[in-house]
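For reference, the chains in residue letters:
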Amino acid sequence: MTKFSELNLNPKVLKAIEEAGYESPTPIQVGAIPPALEGRDVLGIAQTGTGKTASFTLPMITMLARGRARARMPRSLVLCPTRELAAQVAENFDTYTKHLKLSKALLIGGVSFKEQDKLIDKGVDVLIATPGRLLDHFERGKLLLTGVQIMVVDEADRMLDMGFIPDIERIFSLTPFTRQTLFFSATMAPEIERITNTFLSAPERIEVARQATASETIEQGVIMFKASRRDREGSEKRKVLRSVIDAEGDACTNAIIFCNRKTDVDIVAKSLKKYGYDAAPIHGDLDQSQRTRTLDGFRDGSLRFLCASDVAARGLDVPSVSHVFNYDVPGHAEDYVHRIGRTGRAGRDGKAIMICVPRDEKNLADIEALVQNEIPRLDNPLGGAPASEANAEKEEKPKPTRTRSRKKDTSENDTAVHASPEPSVATEVKDTPDDKNRGRNRGGRSRSSRGGDREANNVVGLGDHTPEFIGLSFKERCAS
Ligand code: AMP
C-alpha cells in the first residue's frame, strides 16, 4: 500500500496530514497527487467521501510552498459550485497549511466585498471561489487572473447542473494558457467531456467509485403514502415523517431530511421544531451566517435534524449521519443516490427512508431503474391507511405542553402550505446557494441524459483503506 511519505509531498504538509490522523492516501490521492506534482493536468472522476479534496489541495500546497503572492494576482484558484463546498475546501487548506505560510481568500456570496477585497489586495496564494462571485470581483477590476498557475474545478457536474459552465469557460479564458488544471467531476456528461477536451492538456485520468453505489451499508426503504385529501397532503405527510422518525428511536442519532423545494424545507423544519424536534433548515435563500451556523451545529452534534435542499446539502462532508429521510422522492433519480450517500459513509451503517405519494411513483420507478433494485416497501408507521380527516386534525396539533401562541400553533395546517403555489422548475433551479442570477443552464443538457455515464466499472473506493479516523468529524480529527 502506498504511503503518504512516498508521494513527494512537502514535509510540512506530511506533518499536517499526520496530525489530521490520516494513515494512508486514498485511491484518488494515490492516483492524482503524483501527476499533479509533476505539473500535469488531472481529470479526477470522484465524488465527496473519496478524499478528492486532499487529492488536489495537498499537491497544490506543496507546489505553492515556494514563491510569493503578488497583490491582486492570486497564484492559484479553486472553483466550487456552492458556498458550502467552497468553505469546506477552505477548511481543508487551513488544516493542511498549518505549518506553512500560505495565504488564502474565500470569495463567496453573502460575505462583504470589502473584506474580500482587502485580502486580495494583499495578495493570496490560494483563491477559493464560487464562479459568480469570482467574476463579480473581476468585473469590478479588483482581481487579475493572469497570475494563476494552478486552477482547480471541483464538482464540475454540479456546476453544469447549476448553469455555471459558461462562467467556467470564461474564467478559463481569463487565466494563462500555461496554467495547470486539476478538474474533478462525479460523472462525465458529454458537456463536461467537451470542457475537459477544450481546456485540459493530456490529463491523467483517475476514476474512483461513486461512494453511494459502493456503499452496501445503507438500508433503504420507501413508504407509499396517499393523503386522505389532496389539500391535507402536506400536513399528513409531515405527520408520517414524524412517526417514521419516532419509529427509528435512538438509532436515529442525527438525520438529513431532503425536500425537493425550498419552501418545503422551511415548512418541514418549522413544523418539526414546533413538535419539539431539534431541526433547522438549510437552503440557498438563507443568509450565509445562518447557513454556516446551522451546518456547524449539525456537524458538531448540537443540531439533530437538518432539513435541506439538494443543492445546499450536496457534497457536504458530515462523516456520521445515521439517517436520511427523503420527505420527497427526488425528481432526478441521480439525486437519490447523492442524497442517501450522506449516510452510511466510510463503512458505517446508515438508513435511508423515503415517503412516496402517488404522483411521485414514476420518479420512484426511475430511481429503482437507476439503482437496479427494488427499494423495499415499508409499512406506514401510522398504520397503513392515512389518518382519517378527523384524526389528522386532532393529532396534528402539538402536545399542549408547548408554550406558543395559539395563532402560531395552528400553522401546521398552515395556509402557507396550501396557499403558496408550487414553485416552478425555474424556482427549483434557482435553489443555488450562490451566484443565483448567474446560473443560466445555457448548456441546456437534460439531467436525465447522464444515465449512461454513471456506471463506473473498473473502479475502487475507500474500501478497506478507510482508516478508523475517517469516522470522526473534521473538527475532531483536527483536534486530535
Ligand atoms: P472528500 O472526498 O474530500 O470530501 O473527503 C472526505 C473525508 O475524508 C474528509 O473528511 C477528509 O478529511 C477525509 N480524508 C481525506 N483523505 C483522507 C485520508 N487519506 N485518510 C483519512 N481520511 C481522509
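Residues numbered from 1 in each chain as written. Predicted model: local features only at pLDDT ≥ 70, side-chain atom pairs only at ≥ 80, totals over all residues. Heavy atoms only, no water.

Undergrad: Sorry if this is basic, but what is going on with the sheet that holds strand S14 (residues 377–378) here?
TA: In any sheet, the strands associate via hydrogen bonds between backbone groups, in a parallel or an antiparallel arrangement. Here seven strands make up an open sheet; going across it, the order is S10-S11-S9-S12-S13-S8-S14 and the pairing parallel. Edge positions in the open sheet fall to strand S10 (279–282) and S14, since each of these has one partner strand only. On the sheet, helix H12 (residues 262–274) packs against strand S9 (255–258), S10 and strand S11 (305–308) and is oriented at approximately 170° with respect to S10. (Pairing = 2+ DSSP bridges. Helix = DSSP H or I, 4+ residues; strand = E, 2+ residues; numbered from the N terminus. Contact = heavy atoms within 4.5 Å. Axes fitted to C-alpha atoms, helices over the stretch in contact; angles between N-to-C directions.)

Undergrad: Help me understand the nonpolar core, please; the structure alone is not making it clear to me.
TA: Counting 38 residues, the largest nonpolar core has Phe 56, Leu 58, Met 60, Val 78, Phe 93, Ile 128 and Leu 182 as its most contacted members. Contributions of two or more residues to this core are made by helix H1 (11–20), helix H2 (27–37), helix H3 (52–64), helix H4 (83–96), strand S4 (126–129), strand S5 (150–153) and strand S6 (180–185). (Core = buried A, V, L, I, M, F, W, Y, C linked by side-chain atoms within 4.5 Å. Buried < 20%, exposed > 50% of the residue type's maximum accessible area, 1.4 Å probe, protein only.)

Undergrad: Just to check I follow, could you spell out the packing of helix H15 (residues 333–340) against helix H16 (residues 361–371) for this structure?
TA: The axes of two packed helices give the description: the angle between them and the distance between them. The N-to-C vectors of H15 and H16 enclose an angle of 70°; their axes lie 8 Å apart at closest approach. The angle between H15 and H16 places the two elements in the roughly perpendicular class. Both H15 and H16 take part in a crossing whose hand is right-handed. In this structure, H15 contributes Ala 333, Glu 334, Tyr 336 and Val 337 to the contact, and H16 contributes Asp 366, Ile 367, Leu 370 and Val 371. Here the contact of H15 with H16 is built from residues that sort into six nonpolar, no polar and two charged. (Parallel < 35°, antiparallel > 145°, perpendicular 65-115°, else oblique. Left-handed = near helix turned anticlockwise from the far one by under 90°. Nonpolar A, V, L, I, M, F, W, Y, C, P; charged D, E, K, R; others polar.)

Undergrad: What exactly am I supposed to notice about the sheet that holds strand S2 (residues 76–79) here?
TA: Strand order across the open sheet formed by seven strands is S3-S4-S2-S5-S6-S1-S7, with parallel pairing between neighbours. The outermost strands of the open sheet, each flanked by one partner alone, are strand S3 (104–107) and strand S7 (204–207). Pairs of neighbouring strands in the sheet enclose a mean axial angle of 10°, with direction left out of account. Here S2 pairs with S5 via four bridges, running parallel. Each residue of the ladder has a partner; that of Val 78, found in S5, is Val 152. On top of the sheet, H4 reaches S2, S3 and S4; it is set at about 170° to S3, its chief contact. On the sheet, helix H8 (residues 165–174) packs against S2, S5 and S6 and is oriented at approximately 175° with respect to S5.

Undergrad: Would you mind going over the pattern of salt bridges with me for this structure?
TA: Any two side chains of opposite charge can pair, so long as their charged atoms come close to each other. Scanning the model with the defined rule gives 25 salt bridges in all. For Arg 194, the salt bridge is made with Glu 169, and the minimal N-O distance between the two is 3.0 Å. In this pair, Arg 194 is assigned in helix H9 (residues 190–199) and Glu 169 in helix H8, connecting sequence segments 25 residues apart. The class for Arg 194 is partly exposed, based on a relative accessible area of 34%. (Salt bridge = Lys/Arg side-chain N within 4 Å of Asp/Glu carboxyl O.)

Undergrad: What should I look at first to understand the pairing of S5 in this one?
TA: Remember that side chains alternate between the two faces of the sheet whenever the strand is regular. Neither face of S5 is left uncovered, since the one carrying Ile 150 and Val 152 and the one carrying Met 151 and Val 153 both have all their residues buried. The pairing of S5 with S6 spans four bridges and is classified as parallel. For Met 151, the partnering residue across the bridge sits in S6 and is Thr 181.

Undergrad: I'm lost on the side chain of Asn 254 in this one. Help?
TA: Note on placement: Asn 254 falls in the loop between helix H11 (233–248) and S9. Looking at Asn 254, the relative accessible area reads 9%, which means it is buried. Beyond its immediate stretch of four places on either side in the chain, Asn 254 contacts Phe 298, Arg 304, Ser 320, Val 321, Ser 322 and His 323.

Undergrad: Explain helix H6 (residues 131–139) to me, please; I cannot follow it from the model alone.
TA: An α-helical turn contains 3.6 residues, so a residue and the one three or four places further along point in the same direction. All buried positions along H6 are accounted for by Pro 131, Gly 132, Arg 133, Leu 134, Leu 135 and His 137. Looking at the buried positions of H6, the neighbouring elements they touch are S2, S3, helix H5 (113–122), S4, helix H7 (156–161) and H8. Directly after H6, the chain includes Gly 141, whose backbone phi takes a positive value near 75°.

Undergrad: Explain unusual backbone geometry here, please?
TA: Most peptide bonds adopt trans geometry, and most residues besides glycine take a negative phi value. Despite not being glycine, Asn 8 shows a phi value in the positive range, around 65°. By the secondary structure assignment, Asn 8 is in the segment before H1. For Asn 8, a relative accessible area of 65% gives the class exposed. Non-glycine residue Glu 155 carries a positive phi angle of around 55°. Locating Glu 155 in the fold gives a position in the loop between S5 and H7.

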